[in-house]
Amino acid sequence: MTEHNNVTAIDQSATDPKSIDFNAGKSLKPWIKSIFEKGIGYENQSREFNLKAIDLELANSLCLNEISLSKKQSAKKQPISTHDETRLKLYAYLIIKLSQALSRGEVCIELSHLYDMPQKTGISYTDVLGYLQSFTTVHAIDVVKNSASLEQLSQQNPYDLVVNYPLVVMQGRLYFSRYWFYQQQVFYSISARLTEQKTTVNNELSATLQALFPETDNAQPNWQMLAAANACLNRFSVITGGPGTGKTTTVTRLLAALISQQPNLRIALAAPTGKAAARLVESILAAKAKLAQTFPLAEKIPVSSFTLHRLLGWRPNGFSYNHKKTLPYDLVIIDEASMVDLPMMAQLMEALGENTRLILLGDKDQLASVEAGSVLGDLCDSGVMVNGYHAHGLQAKRAKQLETLCGLQQDHLNQYVEANAPLMANSLTQLRVSHRFTSESGIGKLAAAVNAGQFKQVQQSFLQYEDIHSYTCLAAPFSKDNSAGVVEAEQAWQQQVINGYSQYLNAIEQGACPYDVLQLFNEFQLLCALRQGSSGLHALNERVQKLLQGRGLLNIDASANSRSASLEQNRWYVGRPVMISRNDYELNLFNGDIGIAMMVAGNDGRQELRVCFVAADSSAKSAVNKSVAEKSNVRQLLPTRLPDHETAFAMTVHKSQGSEFSDVALVLPENHSPVISRELIYTAITRGKKSFSLYSNDEVLAAGVNSQIERASGLRDLLFN
């Protein structure tokens, strides 16, 4: 409130339209604040315009730029009129809205959704396009749906479209030009690959696919086989599905099929984070080991992976691979694609060679990327309903191709054909059968109920299944609430934490090797939605630490020996788990990597505190020789060498993406936050393999289940309309 009250202290001459000299080149911040912050905080006023420094700075800078360029283009160079002040007010309003949208992860703003625009600016939506076209610093692109102009846009390399404007308006959406460029890069790259789909069926490939994917007893088609066959016909493919639907199993067999056609195929496997990349290799190795027994060519499947940054050759001054120097691979596979934001996806698309095939794997229903964009959701046209299912169908011609390639009876796929399906639909396959969760699994049923937004079904699932548990929200520390529900939740939470984390802590005490300790840590994970507050990340980590110390499982005071006494002030102790929060390419540590502090023998044989991490290639070696993995695939680093990190007894749901744990507990706050959404709850549930526990009141849970994230973007319209 202090910031808002300060607005009244602004010199009245700065807020009086008659006294403002827009031609003076002086800061417009007082004028902008007086218009868009005035009245904030009152009950009948929207809080939309609680301006952050970045919003105000952008609005001021771009408004001054608009004035300056308009003056240069004006022959008369007369002072800005009252009408131009109205235009400037609209301009500032749009910049603020766009800046706020970007901070929420949205790529653009939908002009038709700016419901308070008439109130704030006096300009209606029907008039706004005319105003936008009159601005000197706005580039208007006229694209009509289902027209030749859209096809023409899809063929235009963004580097050939020099847009020297800070803003772009297209299809009723306003973008900062940088984000329009990212979107165009993705659209252009995908469009080029969609137009080169194979139309003939290779009999040898057909026989290989049918050998790799034996017939199933399921009444549905073998969706894994269809996904692989579809990808063989495409230069761009998306394979999406929930946990346990077999995405990595599918891609492993797909790789075997492609290698059978091209033995020297150059393949790159990658994921957004180091942890997700390691897990991708682990999953492929497990599938490869089974496959190699009957399909010798499977030995050629790669057993290493990259983070996306490393794949693209990140450096402080940019990426090594781009439109001038493309990646040296025939096939690139990206796992956990839901975590990839629009700028990174654009960089990847730009770095692909002209003939490089791209396959994206991921769960479209998970949380979108932390940064701007919801690329996987856009590529899957999330929310669409075709033939009674939440996924696009196939074009009739593609269905016939797949029937032949997969050895299916004629018309077997007719019910999955979509009338007037867009070309993009041929590149999508939704895996629809979970092989992890049986009919007796509550996790699968609960995830489906949350994903469908069915709160009553969510409640019923908790009552019906034994592997999922629901408790009321945890009380804040020092709370005097001794109600039965709160006491039960506190006792259950404490016991779950002790049972979950005692395994790895006891292993440390018993002298187990670091590799085994790190594996045991993955048995249980405490998740939260927020970083701050009594149910947030920092508070939960503190509570867990005190609880474990109180039970004798942590000995914080004695953890640092004389050689590392200086670490005591940094709260280092044996058993402390930490998560890396900043990539360090020299140390080969990446955002999301987890290590545990342990006493290990130093070079001189004396015990010293080190932080142990599973090495990136541990999965490959463990599949060959477990003892080798235990000894050589743990990296031991001094705490002082680590990049930015934080204690990881608890982690946010966002940070847990790309990971799986045997048992998971999710703690939600007492009051709802916009962060708590259907996607966040679904993502948390699907991290658990054996059990899931929730600590939340019904009001927060219901609000979250009924709250679906929708990020403004033009990519979906470009691809599907």
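About the criteria used
- Residues numbered from 1 in each chain as written.
- Predicted model: local features only at pLDDT ≥ 70, side-chain atom pairs only at ≥ 80, totals over all residues.
- Heavy atoms only, no water.
- pLDDT = per-residue confidence, 0-100.
- Contact = heavy atoms within 4.5 Å.
- Phe/Tyr/Trp six-rings, centres within 6.5 Å; stacked < 30°, edge-to-face > 60°.
- Helix = DSSP H or I, 4+ residues; strand = E, 2+ residues; numbered from the N terminus.
- Buried < 20%, exposed > 50% of the residue type's maximum accessible area, 1.4 Å probe, protein only.
- Lys NZ or Arg CZ within 6 Å of the ring centre and 35° of its normal.
- Polar contact = N/O pair within 3.5 Å; in protein donor to acceptor, adjacent residues only side chain to side chain.
- Core = buried A, V, L, I, M, F, W, Y, C linked by side-chain atoms within 4.5 Å.
- Domains from an automatic or database assignment.
- Pairing = 2+ DSSP bridges.
- Disulfide = S-S within 2.5 Å.
- Lys, Arg positive; Asp, Glu negative; His and termini not counted.
- Salt bridge = Lys/Arg side-chain N within 4 Å of Asp/Glu carboxyl O.

Novice: So what's going on with the confidence of the model for the protein? Residues and values would help.
Specialist: With 86% of its residues at a pLDDT of 70 or more, the protein has an overall mean of 83. The model gives residues 39-47 a pLDDT under 50, and that stretch makes nine contacts with residues more than four places away or in other chains. Note that residues 617-631 has pLDDT below 50 and, in this model, 24 contacts with residues that lie over four places away or in other chains.

Novice: Hey, could you go over the packing of aromatic side chains for me, with residue numbers and the actual values?
Specialist: One pass over the full model with this rule turns up 12 aromatic pairs. Taking 5.0 Å as the distance between ring centres and 70 degrees as the angle between the ring planes, the aromatic pair formed by Tyr 501 and Phe 524 counts as edge-to-face. Linking Tyr 501 in helix H20 (residues 484-509) with Phe 524 in strand E14 (residues 524-528), this pair joins segments that are 23 residues apart in sequence. The buried category is assigned to Phe 524, whose relative accessible area is 2%. An aromatic cluster of three or more residues is present, and its members are Tyr 501, Tyr 504, Phe 521, Phe 524 and Phe 649. Residue placement shows Lys 325 over the ring face of Tyr 321; its charged tip is 5.0 Å from the ring centre. Of note, Arg 432 hangs over the ring of Trp 223, and the distance from its end group to the ring centre comes to 4.1 Å.

Novice: Give me the environment of Gln 183: which residues, what numbers.
Specialist: With respect to the element layout, Gln 183 can be found in helix H9 (residues 177-194). For Gln 183, a relative accessible area of 2% gives the class buried. For the pair Gln 183 and Leu 715, spaced 532 residues apart in sequence, the C-alpha separation works out to 6.4 Å. Leaving out residues up to four positions away in the same chain, Gln 183 has contacts with Val 107, Met 170, Tyr 175, Leu 342, Ser 713, Gly 714, Leu 715 and Leu 718. For Gln 183, the side chain forms a polar contact with the side chain of Tyr 175, separated by 3.0 Å. A polar contact is formed between the side chain of Gln 183 and the backbone nitrogen of Gly 714, at a distance of 3.0 Å.

Novice: Any chance you could break down the side chain of Asp 378 for me, citing the residues and the numbers?
Specialist: Looking at the secondary structure, you find Asp 378 in helix H16 (residues 375-379). Engagement of the side chain of Asp 378 in a polar contact is seen with the side chain of Arg 716, the distance being 3.3 Å. The residues touching Asp 378, leaving out its near neighbours within four places in the chain, are Ser 713, Leu 715, Arg 716 and Phe 720.

Novice: Summarise the nonpolar core; cite the residues concerned and give the values.
Specialist: Of all hydrophobic cores here, the largest spans 86 residues; its most connected members are Leu 311, Leu 327, Val 332, Ile 334, Leu 348 and Leu 379. Here this core spans two domains, since at least three of its residues come from each of domain 1 (28-39 + 49-191) and domain 2 (203-436). Discounting chain neighbours no more than four positions away, the residues touching Leu 327 are Leu 311, Leu 312, Tyr 321, Val 332, Leu 348, Ala 351 and Leu 352.

Novice: For the pairing of strand E16 (residues 594-601), give the residues involved together with the corresponding values.
Specialist: Every regular strand shows the same layout, with side chains that alternate between the two sheet faces. The buried fraction of E16 amounts to six of the eight residues, a majority that puts the element mostly inside the structure. Note that strand E15 (residues 577-580) and E16 share three bridges and pair antiparallel. Across the sheet, the residue bridging to Pro 577 is Ile 596, located in E16. Bridging between E16 and strand E17 (residues 607-614) involves seven bridges; their strand directions are antiparallel. What sits directly across from Ala 597, in E17, is Val 611. Hairpin connection of E16 to E17: five residues between the antiparallel strands, including Gly 605 at a positive phi of 90 degrees.

Novice: Can you break down the state of the cysteines residue by residue, with the values?
Specialist: Counted under the stated rule, the structure contains zero disulfides. Considering cysteine sulfurs only, Cys 232 is the nearest to Cys 406, which forms no disulfide, with 9.0 Å between them.

Novice: Please provide a residue-by-residue account of the side chain of Asp 335, values included.
Specialist: Secondary-structure assignment places Asp 335 in the loop between strand E10 (331-334) and helix H15 (342-351). Although Asp 335 lies buried, it forms no salt bridge, and the closest oppositely charged side chain, Arg 279, sits 5.1 Å away as judged by the N-O distance. Contacts of Asp 335, omitting those with residues within four sequence positions, involve Thr 248, Ala 270, Ala 271, Pro 272, Leu 280 and Leu 361.

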